[in-house]
Amino acid sequence: MGDPFAPPTACPRSWKHRPCLLRVSPFASQVTIPPSVEACPDNLPMNEAGTFPFESDLFQGVAYIRVTGTTDVGQNYFNGKRRRMQAVVQGQFKKELSCADIYTGQSLNKPIKRMPPNAIVKGVMAVVRALSPGVLFDLTSDNPHALSLLVATAQALDISEKGSEPDITSEIMENTSLLGGVFTDGNMTFTQRKKLFSTMTNAQEFTYKPGLVYTFDFYQDRMDVASWSLDLGIKKFKLMNHLNRQPIQVMAMTLDRNWLYNFEIWHESLLEDDFVKHCEVTSDEDSEGPASAALSDGD
């Protein structure tokens, strides 16, 4: 197995959605892409390139990720919205799991460098907690993290019988009656769901059940992935200066890091400058190879 800390080795020119690249996290060895699928685990499709299937020990499904400012993004979804990124994950749990045991967010593998001023840290915490009540938040440890319950974080959650699930490239509507309990009448809004599951004791009363299809829709307007910056409204700062050359994640896991899925979004600014320069020069030299020379000779 290679170094899980290693960045992508492909030249950014080959990235399907430059300046960003989506890949399966090397830290999540249990997350796989079916070998029969054209999608490469190290250069996954985003935007108009479509969806891709995946599987892990706990979950099997399909993902669809859209990011503004990258190639072939298409503007229909983002038109009229402040959103800058969307991730939709749909699939089935392989065994019954407590809603109190599955988290999403960011779980980094190296310390944060150059901690921002306390005022900014407090601003980030306020934004994260507003989006995800009950968040587990630590920016100062060797493994910084901001985690919240999966069931409380998704902006839209649909739970359907198999065969009745929504198209994940369309707008996902709140549909949680199959959670049971207070959700049975189907009148619970996403705001009410988030508030209910901000309390751990409430989350412990519900489970994810095999046989049903869960669709989680996440979107946000704070993280500008294409420019690798975080916009807090009153201030915008570059993540390159703080994340220690680490990617952001689209993921779900248990607290002992049993991953349901874990996809990394890399930005080319995270790569070492020498590597980028070298591969760009190499690509230029390749383009002047025998085939190019033959074309030139024919002029």
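Residues numbered from 1 in each chain as written. Predicted model: local features only at pLDDT ≥ 70, side-chain atom pairs only at ≥ 80, totals over all residues. Heavy atoms only, no water.

Chemist: So, the pattern of salt bridges: which residues are in play, and what are the values?
Modeler: Inspection of every chain in the model, using the stated rule, returns eight salt bridges. Two residues, arginine 23 and glutamate 264, come together in a salt bridge whose shortest N-O distance is 2.8 Å. Taken together, the positions of arginine 23 in strand β1 (residues 20-24) and glutamate 264 in strand β16 (residues 259-267) put the pair 241 residues apart, joining distant regions of the chain. Of the charged contacts in the structure, one is a salt bridge between glutamate 55 and lysine 94, with a shortest N-O distance of 2.6 Å. Taken as a pair, glutamate 55 in strand β2 (residues 52-55) and lysine 94 in the loop between β4 (85-93) and β5 (97-98) lie far apart in primary sequence, 39 residues in all. Where salt bridges share partners, they join Arg82, Asp221 and Arg222 into one cluster. (Salt bridge = Lys/Arg side-chain N within 4 Å of Asp/Glu carboxyl O. Helix = DSSP H or I, 4+ residues; strand = E, 2+ residues; numbered from the N terminus.)

Chemist: Before we move on, can you summarise the pairing of strand β8 (residues 145-149) with the specific residues and values?
Modeler: Summarising burial for β8: four of the five residues are buried, a large majority. Pairing analysis gives five bridges linking strand β6 (residues 103-107) to β8, with the strands arranged antiparallel. Bridge pairing links glutamine 106 to alanine 146 in β8. Note: strand β7 (residues 136-138) against β8, three bridges, orientation antiparallel. Counterpart to phenylalanine 137 in the pairing with β8 is alanine 146. (Buried < 20%, exposed > 50% of the residue type's maximum accessible area, 1.4 Å probe, protein only. Pairing = 2+ DSSP bridges.)

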